[in-house]
Amino acid sequence: MSKKIAVFPGSFDPITKGHENILTRGLPLFDEIIVGIGHNTNKNYFFSQERREHFIKKTFEGEPKIKVMRYSGLTVEFCKEIGATHILRGLRTSADFEFERAIAQMNNAMAPQIETIFIVSDPAFSHISSTIVRDILLYQGDIAKFVPAAVHV
Ligand code: ADP
């Protein structure tokens, strides 16, 4: 059987304990997970791509099944380029679901061979978002509870 390779796409600006939890729980499902740091020209990022990549690599440095790559353009095109079979996403709320449903259905219409798999957030992390973490950083607050150690040390 061919290898099951998932792409976990996102901005990861920065990676949070919510992302970390989804990745850890995705590990038994796949042979490899590629964290795909997307680049969207319309977005202003808080951390540079290099820093965002560094935080994720440091968080999973002991985990050979997780790799980090940057990409721009359509996620399904990136998946095809690297031979990924699945897209992994996390779900926190019904708002996430509506948003994710549309993306997954569009991706399926473009590339039916790539299946999207959702993991529902652990309740301990479902309130965490990178957006709020960035707001806290802006006002020099403490983000230690919300992000892996690599981001705040
Ligand atoms: P995007 O820029 O595509 O929204 P993010 O970096 O915010 O990317 O998120 C990437 C993925 O991680 C998305 O599927 C998102 O729903 C999921 N995610 C984000 N925060 C959490 C969390 N606290 N718990 C579970 N999943 C999460």
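For every chain, the first residue of the written sequence is number 1, and numbering continues from 1 along that sequence. A pLDDT threshold of at least 70 governs which residues receive local features in this predicted model, and a stricter bar of 80 or more applies before side-chain atom pairs are shown or counted, although totals over entire chains, interfaces and linings include all residues. Each side-chain value is derived from all of the structure's non-hydrogen atoms; neither hydrogens nor water enter the calculation.

## Quick look at the nonpolar core
- To form a nonpolar core, buried Ala, Val, Leu, Ile, Met, Phe, Trp, Tyr and Cys residues must be joined to one another through side-chain atoms within 4.5 Å. Each residue is placed in one exposure class: buried if its accessible area under a 1.4 Å probe, protein chains only, is under 20% of its type's maximum, exposed if it is over 50%, and partly exposed if it falls in between. Residues F8, L23, I33, V35, I56, I66 and L88 are the most contacted members of the largest nonpolar core, which totals 23 residues.
- Labels follow the DSSP assignment, with helices taken as runs of H or I lasting at least four residues and strands as runs of E lasting at least two, numbered in each case from the N terminus. Put simply, the parts of the chain that give this core at least two residues each are strand 1 (5–10), helix 1 (17–26), strand 2 (32–39), helix 2 (49–59) and strand 3 (66–72).
- No other element matches strand 2, which puts three residues into this core.
- Residues in contact with L23, not counting those within four places in the same chain, are F8, I33, V35, F60 and I66.
- One finds Y71, V76, F78 and C79 within the second-largest nonpolar core, a separate group that totals 11 residues. Residue contacts follow a heavy-atom distance rule, with two residues in contact if any of their heavy atoms lie within 4.5 Å.

## What about helix 4 (residues 94–110)?
- The terminal C-alpha atoms of helix 4 lie 24 Å apart, and with 17 residues this matches the ideal 24 Å at 1.5 Å per residue to within 8%.
- Those residues of helix 4 that fall on the buried side of the exposure criterion are D96, E100, A104 and N107. Each buried residue of helix 4 sits inside an arc of 60 degrees when the element is viewed along its axis, so together they form one side. Set apart from the buried face of helix 4 by more than 90 degrees, the exposed residues are S94, A95, F99, M106 and A109. Working rule for helices: expected span equals 1.5 Å times residues minus one. Throughout, the arc means that of the directions going from the helix axis to the C-beta atoms.

## Topic: the pattern of salt bridges
- Salt bridge, as applied in this entry: a Lys or Arg side-chain nitrogen positioned within 4 Å of an Asp or Glu carboxyl oxygen. One pass over the full model with this rule turns up 11 salt bridges.
- R101 is the salt-bridge partner of E98, the closest N and O atoms lying 2.8 Å from each other. Remark: R101 and E98 occur in helix 4; sequence separation between them is three residues, near one turn of the helix.
- Taking relative accessible area as the criterion, E98 reaches 43% and is therefore assigned partly exposed.
- Overall, R101 belongs to the partly exposed group, its relative accessible area being 32%.
- Linked by salt bridges that have partners in common, E50, E53, K57 and R70 make up one network.

## Remarks on the site of the ligand
- Contacts to the ligand come from 17 residues, most closely from S11, F12, G90, F125 and I128.
- In the model, an oxygen atom of the ligand is placed 3.2 Å from a nitrogen or oxygen of the H19 side chain.
- Contact between the ligand and F125: a nitrogen atom at 2.8 Å from a main-chain N or O atom of the residue.
- Each accessible area is a Shrake-Rupley estimate made with a 1.4 Å probe; only the visible protein chains count as cover when residues are assessed. For the ligand, whose free accessible area comes to 550 Å², the fraction covered by protein is 87%.
- Structurally, the ligand is housed in the largest pocket. Throughout, the term near means that a residue has one or more heavy atoms lying within 4 Å of the molecule or strand in question. Polar contacts, as used here, are pairs of N or O atoms within 3.5 Å; protein pairs need one atom able to donate a hydrogen and one able to accept it. Residues neighboring in sequence count only if both atoms are side-chain atoms. Lining residues are defined by having an atom within 4 Å of a point belonging to a cavity or pocket. Those points lie on a 1 Å grid over the protein atoms alone, cavities being sets where a 1.4 Å probe fits but cannot get out and pockets being open sets with protein on both sides within 12 Å along at least five of seven lines. Pocket occupancy is defined atom-wise: a molecule lies in a cavity or pocket when more than half of its atoms are within 2 Å of its grid points.

## Side note on helix 1
- Along helix 1, the residues that are buried comprise G18, H19, N21, I22, L23 and G26.
- Elements that come into contact with the buried residues of helix 1 comprise strand 1, strand 2, strand 3, strand 4 (86–91), strand 5 (115–120) and helix 5 (130–138).
- Of the residues that open helix 1, the one with a side-chain oxygen 3.1 Å from the backbone nitrogen of G18 is T16.

## Thoughts on the packing of aromatic side chains
- Whether two aromatic rings pair depends on their centres lying within 6.5 Å, for rings of Phe, Tyr and Trp, where Trp uses its six-membered ring; planes under 30 degrees apart make the pair stacked, over 60 edge-to-face, and the rest tilted. By the definition in use, this model includes four aromatic pairs.
- When the centroid spacing of 5.1 Å and the interplanar angle of 90 degrees are considered together, the rings of F47 and F55 count as edge-to-face.
- Of the residues examined, F47 reaches a relative accessible area of 11% and is grouped as buried.
- Consider the rings of Y71 and F78, whose centres lie 4.5 Å apart with planes at 5 degrees: the pair is stacked.
- On the basis of relative accessible area, Y71 is assigned to the buried category, the value being 10%.
- Cation over ring: R52 sits above Y45, and NZ or CZ is 3.9 Å from the ring centre. Note on geometry: a ring has a charge over it if NZ (lysine) or CZ (arginine) is within 6 Å of the ring centre and within 35 degrees of the ring normal.

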